[in-house]
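# Observations on the three-dimensional arrangement
What follows is the residue order along each chain.
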Amino acid sequence: LACPHCGQPLDASARPVRCPAGHSFDVAKQGYLNLLGAAPPANADTAPMVEARARFLATGAYSPIAALLARCLTRSDAAESDAWLEVGAGTGWYLAAALDAVPKARGIAMDVSVAAARRAARAHPRAAAIVADVWRPLPVLPTSLDAIACVFAPRNLGEFARVLRPEG
């Protein structure tokens, strides 16, 4: 992760999370890191909306989409140490399905909704959850990700290109 103020690396092992310039961010007791720096926009999902999405996803109606995403992320040349980002992650359901397929991969579930990040923080033991806005510079270091998943969410292709590794 990168500091949303200065772009320097964040030390996620520290509490609070800090960058070398001294900017610090608290990890919420629910396990997510808020890097938004402002109130969530009016279109951010509410807790009832996130719970409704979780109930719908539990029906299995979108399981084929999750399975396809997992296959795409677990390509034949995928490394066990891949780092993935799901933008507009909501509950983190799709990212969790992909992480289940690659035992050592790590993921970040990013959403502009605090309620979604709360839920995504519990989605998978190898996934972190952050609150950030896809329309701002992503709080991710340049060329640090192997893949970005974006299912039914906005896309910021310039930022995606910046944070993906050349072969990502």
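A brief structural summary. Remember, predicted model here, so these are calculated numbers, not experimental data. (Residues numbered from 1 in each chain as written. Predicted model: local features only at pLDDT ≥ 70, side-chain atom pairs only at ≥ 80, totals over all residues. Heavy atoms only, no water.)

### What about the sheet that holds strand 3 (residues 32-34)?
In a beta sheet, neighbouring strands pair by backbone hydrogen bonds and run either parallel or antiparallel. The condition that has to hold: When DSSP locates at least two bridges between a pair of strands, those strands are taken to pair. Only DSSP runs of H or I reaching four residues or more are called helices, and only runs of E reaching two or more are called strands; each is numbered from the N terminus. Lines fitted to C-alpha atoms define the axes here, with helix axes fitted over just the stretch in contact, and angles between the N-to-C directions of these axes take values from 0 to 180 degrees.
The strand order 3-6-5-4-7 describes an open sheet built from five strands, whose pairing is parallel. Both edges of this open sheet fall to strand 3 and strand 7 (147-149), since each of them pairs with a single strand only. Here the strands of the sheet are splayed against their neighbours by 25° on average, with no regard to which way each runs. Pairing geometry for strand 3 and strand 6 (residues 127-131), over three bridges, is parallel. From the neighbouring strand, Tyr-32 faces strand 6, where its bridge partner is Ala-129.

### Describing unusual backbone geometry
Note the cut-off: For every residue, the accessible area (1.4 Å probe, protein chains only) is compared with the maximum for its type, and the residue is labelled buried under 20%, exposed over 50%, or partly exposed between those bounds.
Residue Pro-16 follows Arg-15 across a cis peptide bond; omega there is 0°. Mapping Pro-16 onto the fold places it in the segment before strand 1 (17-18). One non-glycine residue, Phe-152, lies in positive phi territory at about 55°. Locating Phe-152 in the fold gives a position in the loop between strand 7 and helix 5 (157-163). Note on Phe-152: relative accessible area 61%, which makes it exposed.

### Some remarks on the side chain of Asp-146
The criterion, for reference: The term polar contact refers here to a pair of N or O atoms within 3.5 Å; inside protein, the definition further demands a hydrogen-donor-capable atom paired with an acceptor-capable atom, and it admits residues adjacent in sequence only when both atoms are side-chain atoms. Should any heavy atoms of two residues lie within 4.5 Å, those residues are considered in contact.
By the element assignment, Asp-146 lies in the loop between strand 6 and strand 7. Among the residues examined, Asp-146 registers a relative accessible area of 9% and is labelled buried. From its side chain, Asp-146 meets the backbone nitrogen of Ala-83 in a polar contact 2.7 Å long. Here Arg-165 takes part through its side chain, which lies 2.6 Å from a polar atom of the side chain of Asp-146. Ignoring anything within four residues of it in the chain, the contact list for Asp-146 reads Ser-81, Asp-82, Ala-83, Trp-84, Leu-164, Arg-165 and Gly-168.

### Concerning the pairing of strand 6
The test is simple: Look down the strands so they point away from you; if the path from the first strand over the helix to the second goes clockwise, the crossover is right-handed.
Here strand 6 lies mainly inside the structure; four of its five residues are buried. In this structure, strand 5 (residues 106-111) lies alongside strand 6, joined through five bridges in parallel fashion. Each residue of the ladder has a partner; that of Ile-108, found in strand 6, is Ala-128. With helix 4 (residues 114-120) bridging strand 5 and its parallel neighbour strand 6, the resulting β-α-β unit is right-handed.

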